[in-house]
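So you can see what is in the structure, the chains are spelled out below.
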Amino acid sequence: HERRKQHRLRVIGQDGITRWAEATSGWIHWEGGKAIQTILLDITDQVTAQDELERNREHLTAAIESLPGGLVMYNRDGQVVLFNTQYSQLMGYSGETLTPGMHRSELHKLARSQRLFREKNELYENVYDYLDSYRYRENSVYEVEMADGRWVRCVDRVIPNGSRVCLRMDVTRERLAQRELRLAKGQAETANRAKSEFLSSMSHELRTPMNAILGFSQLLETDTEAPLNDEQLRFVSQIAKAGDHLLKLINQVLDLAKIEAGKSEIDMADVHLIDLIQESISLSSSLSKQMNIDLLCDTKKMSGIFVRGDTNRLRQILINVLSNAIKYNRPDGSVIIDMEPVSLTSLRILIRDTGIGIPADKHDKVFEAFARLGAENSGIEGTGIGLALSRKLIEQMDGQIGFDSVAGEGSTFWIQVQIADVTRMMQPASATTEAGFPDLPTAATGTTVLYVEDNSANMMLMEEVVSRINGVTLLTATNAETGLSLARTHKPNLIILDINLPGMDGYEALKAIRNEPGLAETPVVALSADAMPQQVERGKKAGFHDYLTKPINIREVRNLIQSYAESGER
Ligand code: ADP
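Calculation criteria
- Residues numbered from 1 in each chain as written.
- Predicted model: local features only at pLDDT ≥ 70, side-chain atom pairs only at ≥ 80, totals over all residues.
- Heavy atoms only, no water.
- Near = heavy atom within 4 Å.
- Polar contact = N/O pair within 3.5 Å; in protein donor to acceptor, adjacent residues only side chain to side chain.
- Areas by Shrake-Rupley, 256 points an atom, 1.4 Å probe, with all protein chains shown as cover.
- Helix = DSSP H or I, 4+ residues; strand = E, 2+ residues; numbered from the N terminus.
- Pairing = 2+ DSSP bridges.
- Axes fitted to C-alpha atoms, helices over the stretch in contact; angles between N-to-C directions.
- Phe/Tyr/Trp six-rings, centres within 6.5 Å; stacked < 30°, edge-to-face > 60°.
- Buried < 20%, exposed > 50% of the residue type's maximum accessible area, 1.4 Å probe, protein only.
- Arc of directions from axis to C-beta.
- Contact = heavy atoms within 4.5 Å.
- Salt bridge = Lys/Arg side-chain N within 4 Å of Asp/Glu carboxyl O.
- 1 Å grid on protein atoms, 1.4 Å probe; cavity = no way out; pocket = protein on both sides within 12 Å on 5 of 7 lines; lining within 4 Å.
- Points joined across faces, edges and corners; volume = space filled by probe spheres on them.
- Nonpolar A, V, L, I, M, F, W, Y, C, P; charged D, E, K, R; others polar.
- Left-handed = near helix turned anticlockwise from the far one by under 90°.
- Core = buried A, V, L, I, M, F, W, Y, C linked by side-chain atoms within 4.5 Å.
- Patch = residues over 30% accessible without salt bridge, like charges linked within 9 Å, V, L, I, M, F, W, Y side chains within 5 Å.
- Disulfide = S-S within 2.5 Å.

Draft legend 1. Looking closely at the site of the ligand. The environment of the ligand is made up of 21 residues, and the closest members are Asn324, Tyr328, Arg372, Thr383 and Leu387. Measuring from an oxygen atom of the ligand, one finds a side-chain N or O atom of Asn324 at 2.8 Å. One nitrogen or oxygen atom from the main chain of Gly386 is found 3.3 Å from an oxygen atom belonging to the ligand. Within the complex, 97% of the 530 Å² of free accessible area of the ligand lies under protein. The element contributing the most residues to the shell around the ligand is helix α8 (residues 311-327), with four residues.

So this is what it looks like as structure tokens:
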């Protein structure tokens, strides 16, 4: 056999068209001698197709190289088919170590030996173990941290032929920003939660005993069946006074904390100045009478003027400043309330007193919470929170508060507010006076109320309240389980539940009642010391007919029981 040779020839035809031929030449025996035989095969189509393929491959490579991230492709057996430069750079493989045909597991081994990834972080106990356990047949997205702190996001897709296309992106910046954000958010949330939990538990803890103190003093003071003698009345009024002071302290601290936590809402409106001032004066008048201080105000000057603010909050500030002017006055002194415009859009309410004044070196402490500037030893009642709270409140309404004072001569406090539409029509003042207790509770016959409460003082208080309503029988239980069985046998018209109970709590008890065929329709009211708005909200959502908070208002509870007694006849 002779050797044969193959050549590829470019043939340019007479028509000028280029064609390709494959020439195969070899010696042959021919007519007793030797000859060269050449066979020409037209392979133009094949060559063009190959060229086309080559061009496509170049396009593809260029496209892959120009991707904004790394790309690697594995075949169905897990061997590297192709990858771009960004891939090896991003992952830190040096040029020669990564070659097509390499198996994925070899790549992982390489990464492990070169310590390319941070082995342990918030996502992985051991990133290499994760990569080994990685299921090759699935689409996936994951992120790895490189040893130098960079983060790479990996997006892997299995395509129909079983190959795997894997994208790699540097996401260090996003990751850091995210981490910072998460950290800050987490910290803020924890702090906020701790604060509101503290507030809620504090308010609960303090209000529960306050309920008993204030409730029993109210009962004693208003008891018509066995009225107290004068001395007893005086004592009881001391208890009530101390209780009121405590409650004020609790409420002020809660108020202050709520504003600081950004949870206090203000309801801006146009407020008639004269109403505001008259209400505040009348609410301060018993104190001024007690201290024999004249309260003077030229109300005519203020009529027809409206200011912007939350009525209740403005009144709260005014009363606080007024009561200070009365408290820190001298015997037979006076307080003058005046008004002066500061600009076209704002005015100041001035409260001038003839009192002890504030020494200059203490001026910067006046609006600090709990700072009483020596008044704590004077026997003058106070908490030291009033002005701190007032300042926070007025600032919420875009106003200001300040003062001038000379020790021994007196002080002038001012409250600056925005003027509302000055030309508006005057509106009649609406006086809201609280009606006293009804002397004789209306009779409601055959009504049974079940009260579940574990605190014995509160229980006694409720027993006293109910005993003063004719025709109402009170059943009591100190835990929900007993309460439930009482409810089953007696079918009360109304159930009043404390929320924090030993064992089953108020919410669980409510659920149990709703699931009992004979009780499902019975109105259930919560009576809890949890007075935070979220808890009241939660209670209403849970299906309580009403949610009363402690300290209880005796009249409110009476009205409640009566309303259910009248509507709930069985
Ligand atoms: P308090 O509950 O003690 O009255 P405030 O926050 O209302 O608390 O006031 C803080 C302190 O400022 C008071 O304890 C008192 O020493 C001083 N102060 C406030 N108003 C006056 C005033 N009109 N005259 C003198 N001192 C005052």
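Draft legend 2. Up close: the sheet that holds strand β16 (residues 447-452). Taken in spatial order, the five strands of this open sheet run β17-β16-β18-β19-β20, and their pairing is parallel. Bordering the open sheet on either side are β17 (472-477) and β20 (546-549), each of which pairs with just one other strand. Each strand of the sheet is rotated relative to its neighbour by a mean of 20 degrees, with strand direction disregarded. Taken together, the six bridges between β16 and β17 define a ladder with parallel strand orientation. Among the inter-strand pairings, Val449 is bridged to a residue of β17, identified as Leu474.

Draft legend 3. Fine view of the packing of aromatic side chains. Counted by the stated rule, this structure contains seven aromatic pairs. Ring geometry for Tyr130 versus Tyr142: centroids 5.5 Å apart, planes at 65 degrees, classification edge-to-face. Here the residue Tyr130 occupies a position in helix α4 (residues 127-133), and Tyr142 occupies one in strand β6 (residues 140-145), the gap between them amounting to 12 residues. Of the residues examined, Tyr142 reaches a relative accessible area of 8% and is grouped as buried. A centroid spacing of 6.1 Å and a plane angle of 50 degrees characterise the contact between Phe367 and Phe403, whose relative ring orientation is tilted. Of this pair, Phe367 sits in the loop between β13 (346-353) and α9 (386-396) while Phe403 sits in strand β14 (residues 400-406); the two residues are 36 residues apart in sequence, bridging distant segments of the chain.

Draft legend 4. Helix α11 (residues 480-490), seen in detail. Within α11 the residues assigned to the buried category are Ala480, Gly483, Leu484, Leu486 and Ala487. Mapping the buried residues of α11 onto a view down its axis gives an arc of 165 degrees, with all of them on the same face. Lys491 lies just past α11 and shows a positive phi near 45 degrees.

Draft legend 5. Quick peek at the sheet that holds strand β15 (residues 410-418). Spatial strand order, β10-β12-β13-β15-β14: five strands in an open sheet with mixed pairing. Strands with a single pairing partner mark the edges of an open sheet, and in this sheet they are β10 (294-297) and β14. Each strand axis lies, on average, 20 degrees off the axis of its neighbour in the sheet, ignoring direction. Of the strands in this sheet, β10, β12 (334-341), β13, β14 and β15 are in contact with α8, which crosses β13 at around 25 degrees.

Draft legend 6. Structural view of the pattern of salt bridges. Counting across every chain of the model gives 22 salt bridges. Residue Arg19 is joined to Asp42 by a salt bridge in which the shortest nitrogen-to-oxygen separation is 3.1 Å. In this pair, Arg19 is assigned in strand β2 (residues 18-30) and Asp42 in strand β3 (residues 33-42), connecting sequence segments 23 residues apart. By relative accessible area, Arg19 is classed as partly exposed at 40%. Taking the shortest distance from any N to any O, the salt bridge between Arg468 and Glu464 comes out at 3.1 Å. By relative accessible area, Arg468 is classed as buried at 18%. Judged by relative accessible area, which is 32%, Glu464 ranks as partly exposed. The structure contains a network of salt bridges with shared partners spanning Glu122, Glu143, Arg153, Arg175 and Arg179.

Draft legend 7. Local environment of empty space enclosed by the protein. For the coordinates displayed, the defined rule picks out two cavities of 30 Å³ or more. Lining the largest cavity are 13 residues, with Tyr87, Met91, His108, Phe117 and Arg168 positioned closest to its centre. Listing elements by their share of the lining of the largest cavity, those giving two or more residues are α2 (85-91), α3 (104-113) and β6. In terms of residues, the lining of the largest cavity owes the most to one element, α3, which gives three residues. Looking at side-chain class alone, the lining of the largest cavity contains 10 nonpolar, one polar and two charged residues.

Draft legend 8. Region of the structure containing the packing of α8 against α9. At their nearest, the axes of α8 and α9 sit 10 Å apart, and the two run at 145 degrees to each other. Where α8 crosses over α9, the handedness of that crossing is left-handed. Taken together, the residues of α9 that come into contact with α8 (itself represented by Arg313, Leu314, Gln316, Ile317, Asn320, Val321 and Asn324) are Gly386, Leu387, Leu389, Ser390, Leu393 and Ile394. When its residues are assigned to classes, the contact of α8 with α9 shows seven nonpolar, five polar and one charged.

Draft legend 9. Looking closely at the nonpolar core. Counting residues in hydrophobic clusters, the biggest one holds 40 residues, and the most contacted among them are Leu273, Leu347, Ile349, Ile351 and Ile415. For this core, the secondary structure elements donating two or more residues are α6 (230-260), α7 (273-291), α8, β12, β13, α9, β14 and β15. The contact partners of Leu347, leaving out residues within four places of it in the chain, are Leu273, Ile305, Val307, Met339, Glu340, Pro341, Val342, Ile415, Gln416, Val417 and Ile419. Judged by nonpolar contacts, the second largest core, of 25 residues, contains Leu90, Met102, Tyr142 and Cys166.

Draft legend 10. Quick look at the side chain of Ser280. Along the polypeptide, Ser280 turns up in helix α7. Once you skip the residues sitting within four places of it in the chain, Ser280 turns out to touch Arg315, Leu318, Ile319 and Leu322.

Draft legend 11. The arrangement of the side chain of Asp223 in detail. Mapped onto the elements of the fold, Asp223 is located in the loop between α5 (172-222) and α6. Take Asp223: its relative accessible area is 17%, and that puts it in the buried class. Among the polar contacts listed, one links the side chain of Asp223 to the backbone nitrogen of Glu225, at a separation of 3.0 Å.

Draft legend 12. Representation of a nonpolar patch on the surface. There is a patch of nonpolar side chains on the surface, built from Leu9, Val11 and Leu40 and spanning about 240 Å² of accessible area. Mapped onto the elements of the fold, Val11 is located in strand β1 (residues 4-12).

Draft legend 13. Seen up close, the environment of Asp270. With respect to the helices and strands, the residue Asp270 is situated in strand β9 (residues 269-272). Residues Asp270 and Asn553, 283 residues apart in the sequence, show an inter-C-alpha distance of 31 Å. Among the polar contacts listed, one links the side chain of Asp270 to the side chain of Arg308, at a separation of 2.5 Å.

Draft legend 14. Structural context of the state of the cysteines. If you walk through the whole model with that rule in mind, you get zero disulfides. Distance from the sulfur of Cys154, which forms no disulfide, to the nearest cysteine sulfur (Cys166) is 8.2 Å. Looking at Cys154, the relative accessible area reads 1%, which means it is buried.

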